[in-house]
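The lines below spell out each chain.
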Amino acid sequence: MVTSSLAPMLTVKDASAATDFYIRAFGATEGSRLETPTGQIVAQMFVDGLEFFVVDENPDAFNLSPKTLGGTTVRMSLIVGDPDATAARALSAGATEVFPVDDQPYGLRQGRVEDPFGHHWLIGTPLT
């Protein structure tokens, strides 16, 4: 029996560099890595057991990165125990702060960073 799942695929201009960044920034681990005959990389990644993929840009297959598009339409929401430390780690790994971690009126302590590849990450934890 197949179990349903949903895993985002982040398209970037350099999947090898992106996997290195996600390991440094979020403590991600790489589950698998495939290289296509044309040289594009598809890497399965995990952050605390949560799966996502990093893939090289391939315009012929309609896979464009935020850098090519001039922005992103998707934000990754990462809920962690210590968003301040996680955001600081992402910034030291090369992310850019969009807004700092702070108590938000919608019930999260949350901030937002842009990774070097153009993807936005909301990093937060529920306020208790």
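Above: the structure in question.
Residues numbered from 1 in each chain as written. Predicted model: local features only at pLDDT ≥ 70, side-chain atom pairs only at ≥ 80, totals over all residues. Heavy atoms only, no water.

(A) The environment of A88, seen in detail. Within the secondary structure, A88 is located in helix α3 (residues 83-93). Residue class for A88 comes out partly exposed when judged on its relative accessible area of 43%. Counting along the chain gives 13 residues from A88 to V101, while the straight-line C-alpha distance between them is 9.4 Å. (Helix = DSSP H or I, 4+ residues; strand = E, 2+ residues; numbered from the N terminus. Buried < 20%, exposed > 50% of the residue type's maximum accessible area, 1.4 Å probe, protein only.)

(B) Up close: helix α1 (residues 15-26). Along its twelve residues, α1 runs 16 Å from first to last C-alpha, staying within 8% of the 16 Å computed at 1.5 Å per residue. Phi turns positive, to about 65°, at G27, one or two residues after α1. (Expected span 1.5 Å × (residues − 1).)

(C) Local environment of the packing of aromatic side chains. Taken as a whole and assessed by the stated rule, the structure comprises nine aromatic pairs. Here F21 and Y22 contribute two aromatic rings whose centre-to-centre distance is 5.4 Å and whose plane-to-plane angle is 70°, an arrangement assigned as edge-to-face. One exposure class covers both F21 and Y22, and it is buried. Between Y22 and F26, the aromatic rings sit 6.3 Å apart at their centres with planes inclined by 15°, giving stacked as the arrangement. One end of the pair, Y22, and the other, F26, are both in helix α1, four residues apart, so they sit about a helical turn from each other. Accessibility assignment for this pair places Y22 and F26 in one class, buried. Members of the aromatic cluster, connected to one another through ring pairs, are F21, Y22, F26, F52, F117 and W121. (Phe/Tyr/Trp six-rings, centres within 6.5 Å; stacked < 30°, edge-to-face > 60°.)

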